[in-house]
Amino acid sequence: MALQVGIVGLPNVGKSTLFNALTSAKAEAANYPFCTIDPNVGVVTVPDPRLDLITQYVKPQSVVPTTIEFVDIAGIVKGASKGEGLGNQFLSHIRQTDAIVHVVRCFDDSNIIHVNGSVDPLRDMEVINTELMLADLDSVEKKLQKTEKLAKMSQDKKVKAEYEITKKVYEALSKGLPARSVTVEESEQTFYKDMHLLTSKPVLYACNVSDVDFAKGGNDWVKSVEKRAQEESNKIVMICSAMEAEIAQLPPEDRKDFLASLGATEPGLNRLIREAYTLLGLNTYFTAGEKEVRAWTIKTGTKAPQAAGVIHTDFEKGFIRAETYHCEDLFKFKSEAAVKEAGKYRLEGKEYLVKDGDILFFRFNV
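This text gives an overview of the structure that appears in the document. (Residues numbered from 1 in each chain as written. Predicted model: local features only at pLDDT ≥ 70, side-chain atom pairs only at ≥ 80, totals over all residues. Heavy atoms only, no water.)

1. Description of the nonpolar core
Formed by 55 residues in total, the largest nonpolar core has its most connected members in Leu22 and Phe70. Of all hydrophobic cores here, the second largest spans 15 residues; its members include Leu137, Ala161, Ala179 and Val184. (Core = buried A, V, L, I, M, F, W, Y, C linked by side-chain atoms within 4.5 Å. Buried < 20%, exposed > 50% of the residue type's maximum accessible area, 1.4 Å probe, protein only.)

2. With respect to the sheet that holds strand S1 (residues 4-8)
Strand order in the open sheet made by the 6 strands is S2-S4-S1-S5-S6-S7, with mixed pairing throughout. Each having just a single partner strand, strand S2 (40-45) and strand S7 (235-239) make up the two edges of the open sheet. On average, each strand axis in the sheet is tilted by 25° relative to the strand beside it, whichever way the strands run. Note that strand S5 (residues 99-105) and strand S6 (residues 203-208) share 6 bridges and pair parallel. Within the sheet, the bridge partner assigned to histidine 102 lies in S6 and is tyrosine 205. Its contacts with the sheet place helix H1 (residues 15-23) against S1, S2, strand S4 (67-72), S5 and S7, and it is angled at close to 40° to S2. (Pairing = 2+ DSSP bridges. Helix = DSSP H or I, 4+ residues; strand = E, 2+ residues; numbered from the N terminus. Axes fitted to C-alpha atoms, helices over the stretch in contact; angles between N-to-C directions. Contact = heavy atoms within 4.5 Å.)

3. Considering the side chain of threonine 324
With respect to the element layout, threonine 324 can be found in strand S10 (residues 319-326). Only 3.0 Å separates the side chain of threonine 324 from the backbone oxygen of isoleucine 359, close enough to count as a polar contact. Leave out the neighbours within four places in its chain, and threonine 324 touches Lys344, Tyr345, Arg346, Glu348, Tyr352, Asp358, Ile359 and Leu360. (Polar contact = N/O pair within 3.5 Å; in protein donor to acceptor, adjacent residues only side chain to side chain.)

4. Details of the layout of surface pockets
Estimated volume of the largest pocket: approximately 660 Å³. Taken together, 27 residues form the lining of the largest pocket, with Thr45, Pro47, Arg255, Pro267 and Asn270 sitting closest to its centre. For the lining of the largest pocket, the elements supplying multiple residues, two or more each, are H1, S2, helix H2 (49-58), helix H9 (241-249), helix H10 (252-261) and helix H11 (268-279). At 4 residues, the largest contribution of residues to the lining of the largest pocket is made by H11. Considering only residue class, the lining of the largest pocket consists of 15 nonpolar, 5 polar and 7 charged. Taken together, 21 residues form the lining of the second largest pocket, with Asp98, Tyr192, Ser200, Lys201 and Pro202 sitting closest to its centre. (1 Å grid on protein atoms, 1.4 Å probe; cavity = no way out; pocket = protein on both sides within 12 Å on 5 of 7 lines; lining within 4 Å. Points joined across faces, edges and corners; volume = space filled by probe spheres on them. Nonpolar A, V, L, I, M, F, W, Y, C, P; charged D, E, K, R; others polar.)

5. Some thoughts on the pattern of salt bridges
A full pass over the atoms with the stated rule returns 18 salt bridges. Here glutamate 323 makes a salt bridge to arginine 321, at a shortest N to O gap of 3.5 Å. With a shortest N-O distance of 2.8 Å, glutamate 323 and arginine 363 are connected by a salt bridge. Pair noted here: glutamate 323 is in strand S10 and arginine 363 is in strand S12 (residues 358-364), with a separation of 40 residues, a long-range link. Look at arginine 363 and you get partly exposed, because its relative accessible area is 35%. Salt bridges linked by common partners bring Glu126, Lys227, Arg228 and Glu231 together as one network. (Salt bridge = Lys/Arg side-chain N within 4 Å of Asp/Glu carboxyl O.)

6. Some details on the environment of alanine 179
Relative to the elements of secondary structure, alanine 179 occurs in the loop between helix H5 (157-174) and helix H6 (189-194). Overall, alanine 179 belongs to the buried group, its relative accessible area being 0%. C-alpha of alanine 179 to C-alpha of leucine 137: the two residues are 42 residues apart in sequence and 9.4 Å apart in space. In contact with alanine 179, other than residues within four places in its own chain, are Val169, Leu173, Tyr192, Leu197, Thr199 and Ser200.

Put into structure tokens, the structure is as follows:
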């Protein structure tokens, strides 16, 4: 599954520094707006300790983690929905992503210019969220005019459904509410998704703090962002992008000692990646054999045949059954043979909902 998370925020909040740390790429990080003109895309492995544990008992020739794509999108400024800054060029890049990491500046540094002159995370959040809503409102208003005419002339249920969801979204946006606040009926789902609304995407706020405040567990700015995120039913993650960028440049063998000196067991970015993964409503299942141990990405609630189809379409078409056990049972009993002896090895059919952490072997016939 090619899944993308867009990194957005005002200029100079630490987006590109965060992206560089995430991907060890070299997106230009300069102290002025619009230094990142084209979106930078980086493929990031999803850190999953279970993968390493599985390899202790299966001993494969290779290990393949699952991945997620991050897109670094240039800073959005007030008026972007009307073309200010580089405006709609950036907003169009966001439309192609599945979720948004909204980087919020929660640090003060006189050497780094703030585009609005002072540090105020709630104001900054409002600027970005308003621009996304205004861009959505503009596109939905045009669509509403078109669908309303068609609905009046047609008795087609699909045409009516398209008009109804467009109308509901327009009314929400007109009240200053994001598209994700709208209740979407099953008959409207397809039309809703086809609108590619910016404010329909799930959001994770990344509070970018100084290394001092990171060590202290945050500051008042972080608390204010967390409170606002809770009101929106969104989550936050606290990071220090400058520190994470420094960790990313260290040789792997030195990172553990550096983290230990900070009282940490893993980079803060690992949590951000996992939170973004969860934000997309994703699960991980594994295939495990002597040749390869591999993690696979599926949507939560995926049935066994469709999970098999992630590996190859033939697996889904010719699905017979899934042989499965949970990775926690492997960790407990230490081998697949012991898992079987304990009665934890199961055969599952087409209606089985694959669980996060399942180890699966598919039987199929084409």
